[in-house]
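Listed below, chain by chain, are the residues.
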Amino acid sequence: MLTVAVQMDPLDSINIAGDSTFALMLSAQARGHRLFHYAAEDLNYSGGRVWARAHPVTVQRVAGNHFSFDDPVSLDLGKEADVVLMRQDPPFDLGYITATHLLERISHETLVVNDPASVRNAPEKVFVLDYARFMPPTLVTRSLDEARAFLAEHGEIVVKPLHGNGGKAIFKVGSDGANLSALIEVFNTAYREPHMIQAFLPDVAKGDKRIVLVDGEVAGAINRVPGAGEIRSNLAVGGSAEKSVLTPEEQEICAVLGPELSKRGLLFVGIDVIGGKWLTEINVTSPTGIVAIERFDGTDVAGLIWDAIEAKVAMRTAA
């Protein structure tokens, strides 16, 4: 039996029908592991120790009655936990980054999934630049002039926050450039970092594929199709999921990424691919999609993740 501390958002706010963290908790509980829940803001440090005010928790797939807490305890995440699942949703802000620094201090004692230093050093839309050969034409900038030149070269573009998530604040700009200057002005006011601008891919109308890799190996995939009048296919903004298989180009992408993900301790990763060949994101903070994959393919991705976790904990114990 493992003691598993789950760092995530409030349990009463999740949609249990599709939430990947909840699926992981159910799978862990079924294996006899003991679960604790806490939020990132509950992390504490003193005297070389990192602990959280955490609730022992049990979960069940019953809408409206899907969890129950016991009285909270001060859980030493280095001495008393075998595994920490870092599963709070972005934004990838200073709060998120600080949590990775704190958890990094116990990662020699406790397995943190995903590895906190690697999460900090691999933001989704920045890490992907290491694999630019698989990406659509991409510009990272705060400059309106550079954005206009990029639009002139590619005809239609998409503008999105460099550290956005869940399909939020993604805008398509047509060849006439209408509102581009206003959009860059708004982005420059809202964000201190540069923004990501990419050539628009018409194939997005056919879907945006989410491929899940577990310790560098493909576990499954779904195709997410945009809703009517949308270019965004994220399930959180109205996209719908359908069964999918990998193209040869997607298999190549996964073969190239897989060893590096495993090396970095990025055990549960979701990558996004458009048109069967264009890599757009590598999601390492709180990837999703495992419930939909199981629904379409029957693959127990949560089980595969726990198989990998248990094997790594056993290796640490034996070392």
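Model, not experiment: these values are computed from the prediction. (Residues numbered from 1 in each chain as written. Predicted model: local features only at pLDDT ≥ 70, side-chain atom pairs only at ≥ 80, totals over all residues. Heavy atoms only, no water.)

(A) The arrangement of the sheet that holds strand 9 (residues 138–141) in detail. The sheet built from 4 strands is open, its strands ordered 9-12-10-11 with antiparallel pairing. Two strands bound the open sheet, and with one partner strand each, they are strand 9 and strand 11 (171–173). Strand-to-strand twist of the sheet, defined as the mean angle between neighbouring strand axes without regard to direction, takes the value 25 degrees. Here 3 bridges tie strand 10 (residues 157–161) to strand 11, and the two strands are oriented antiparallel to one another. (Pairing = 2+ DSSP bridges. Helix = DSSP H or I, 4+ residues; strand = E, 2+ residues; numbered from the N terminus. Axes fitted to C-alpha atoms, helices over the stretch in contact; angles between N-to-C directions.)

(B) Seen up close, empty space enclosed by the protein. Under the definition given, this model contains 2 cavities of 30 Å³ or more. In this structure, the largest cavity occupies an estimated 80 Å³ of space. In terms of lining, the largest cavity is formed by Pro 90, Phe 92, Pro 123, Glu 124, Lys 125, Leu 162, His 163, Gly 164, Asn 165 and Thr 285. Taken together, Leu 24, Leu 85, Met 86, Arg 87, Val 113, Asn 114, Phe 268, Val 284, Thr 285, Ser 286, Pro 287 and Ile 305 make up the lining of the second largest cavity. (1 Å grid on protein atoms, 1.4 Å probe; cavity = no way out; pocket = protein on both sides within 12 Å on 5 of 7 lines; lining within 4 Å. Points joined across faces, edges and corners; volume = space filled by probe spheres on them.)

(C) Spotlight on helix 9 (residues 301–318). Here helix 9 contains 18 residues, and its C-alpha end-to-end distance of 26 Å stays within 8% of the 26 Å for a straight helix at 1.5 Å per residue. Taken as a whole, helix 9 has its buried residues at Val 301, Ala 302, Gly 303, Ile 305, Trp 306, Ala 308, Ile 309 and Val 313. (Expected span 1.5 Å × (residues − 1). Buried < 20%, exposed > 50% of the residue type's maximum accessible area, 1.4 Å probe, protein only.)

(D) Representation of the sheet that holds strand 13 (residues 208–214) in the model. On the basis of which strands lie adjacent, the open sheet formed by 5 strands has the order 15-14-13-16-17 and antiparallel pairing. In the strand order of this sheet, the two ends are held by strand 15 (240–243) and strand 17 (278–283), each with one partner. For this sheet the average axis-to-axis angle between neighbouring strands, irrespective of direction, equals 30 degrees. Sheet topology note: the strand 13/strand 14 (residues 217–225) ladder contains 7 bridges and is antiparallel. By the bridge assignment, Ile 211 is partnered in strand 14 with Ala 221.

(E) Fine view of the pattern of salt bridges. With the rule as written, the count across this model stands at 16 salt bridges. In this structure, Glu 250 and Lys 209 form a salt bridge, with 2.8 Å as the shortest nitrogen-oxygen distance. Pair noted here: Glu 250 is in helix 7 (residues 248–263) and Lys 209 is in strand 13, with a separation of 41 residues, a long-range link. A residue is classified by how much of its surface remains accessible, and Lys 209, at 7% relative accessible area, is buried. Close ionic contact of Asp 215 with Lys 312 constitutes a salt bridge, the shortest N to O distance being 3.5 Å. Of this pair, Asp 215 sits in the loop between strand 13 and strand 14 while Lys 312 sits in helix 9; the two residues are 97 residues apart in sequence, bridging distant segments of the chain. Residue classification places Asp 215 among the partly exposed positions, given a relative accessible area of 24%. By relative accessible area, Lys 312 is classed as partly exposed at 25%. When salt bridges with common partners are traced through the structure, they connect Asp 208, Arg 210, Arg 224 and Asp 272 into a single cluster. (Salt bridge = Lys/Arg side-chain N within 4 Å of Asp/Glu carboxyl O.)

(F) Representation of the pairing of strand 2 (residues 34–38). By the criterion of burial, strand 2 is predominantly enclosed, with 4 of the 5 residues buried. Across 5 bridges, strand 1 (residues 3–7) lies against strand 2 in parallel orientation. Each residue of the ladder has a partner; that of Gln 7, found in strand 2, is Tyr 38. For the segment spanning strand 1, helix 1 (residues 20–30) and strand 2, crossover handedness is right-handed. Judged from the 2 bridges that link them, strand 2 and strand 4 (residues 49–59) form a sheet pairing that is antiparallel. (Right-handed = clockwise from strand over helix to strand, strands pointing away.)

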